[in-house]
Amino acid sequence: MQNNVIKVKPESYSLLQEGFSFVVIALAVTGIGGTIYKVISPEGWVAQAFGRSASAGAAALGSLLMIAALAWFSRGWNSPRYHNRFSDLLVYGFAAAGLAYLAMFLSKGTF
């Protein structure tokens, strides 16, 4: 009987850890999606940087080029030897951005 009680504690800790990981991943994906939306939307950051007179096509093209450059730049971090704290900071940063976007969406109904 004593062995069953001991096994429940690590399993519940593992379940809590998996739940926390799921929440962080969901917030990070929301942060990435919200950031991409903020970049390529008609009133997004790229359109603001080029000014209101720039065409939407040029702004979208510029933002897509930025996203492609970031994707190409980040491909080198797949190797375990390049794993450092920057990747953790990046994930938690996007999770914080996701939390902010989610809070804006729930309070205003829009990003």
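Quick caveat: nothing in here was measured; it's all calculated off a predicted structure.

## Section: the overall build of the protein chain
Phase 1 of the analysis: Looking only at helices and strands, the protein chain features four helices and zero strands.
Phase 2 of the analysis: Going from N to C terminus, the protein chain has its helices and strands arranged as α-α-α-α.
Phase 3 of the analysis: Taking contacts inside the protein chain between residues at least 6 apart in sequence as the whole, the part at least 24 apart equals 59%.
Phase 4 of the analysis: Within the structure as shown, the protein chain displays about 8,700 Å² of accessible surface, and the carbon and sulfur contribution to it stands at 70%.

## Things to note about a nonpolar patch on the surface
Phase 1 of the analysis: Together, Ile32, Ile36, Ile40 and Leu64 line one region of the surface with nonpolar side chains, adding up to about 320 Å² of accessible area.
Phase 2 of the analysis: In terms of residues, the nonpolar patch owes the most to one element, helix 1 (residues 2–40), which gives three residues.
Phase 3 of the analysis: The exposure class of Ile40 is partly exposed, given its relative accessible area of 37%.

## A closer look at helix 4 (residues 85–108)
Phase 1 of the analysis: The end-to-end C-alpha separation of helix 4 is 34 Å, in line with the 34 Å expected for 24 residues at 1.5 Å each.
Phase 2 of the analysis: Every buried residue of helix 4 is listed here: Ser87, Ala95, Ala97, Gly98 and Tyr101.

## Regarding the side chain of Thr35
Phase 1 of the analysis: Locating Thr35 in the fold gives a position in helix 1.
Phase 2 of the analysis: At 2.7 Å, the side chain of Thr35 forms a polar contact with the backbone oxygen of Gly31.
Phase 3 of the analysis: Apart from residues lying up to four places away in sequence, Thr35 is in contact with Trp45, Phe94 and Tyr101.

About the thresholds
Every chain's residues receive numbers from 1 upward, in the order its sequence appears when written. Local features in this predicted model are restricted to residues whose pLDDT is 70 or higher, and side-chain atom pairs enter the listing and the counts only when it is 80 or higher, whereas totals over whole chains, interfaces and linings include all residues. For side-chain calculations, the full set of non-hydrogen atoms in the structure is used, while hydrogens and water are omitted. Here a strand is any run of E in DSSP of at least two residues, a helix any run of H or I of at least four, and the numbering for each starts at the N terminus. The contact criterion used throughout is that any non-hydrogen atoms of two residues lie within 4.5 Å. Each accessible area value is a Shrake-Rupley result obtained with a 1.4 Å probe; residue values ignore everything except the protein chains displayed when judging cover. Residues enter patches when their relative accessible area tops 30% and they take part in no salt bridge; the joining distance is 9 Å for like charges and 5 Å for the nonpolar side chains Val, Leu, Ile, Met, Phe, Trp and Tyr. Just to be clear on terms, a salt bridge is a Lys or Arg side-chain nitrogen sitting within 4 Å of an Asp or Glu carboxyl oxygen. A 1.4 Å probe rolled over the protein chains alone gives each residue an accessible area, and that area as a share of the maximum for its type sets the label: buried under 20%, exposed over 50%, partly exposed in between. In this analysis, the expected span of each helix is defined as 1.5 Å times one less than the number of residues it contains. Nitrogen and oxygen atoms within 3.5 Å of one another constitute a polar contact, given that in protein one can donate a hydrogen and the other can accept it, and given that sequence-neighbouring residues count only through two side-chain atoms.

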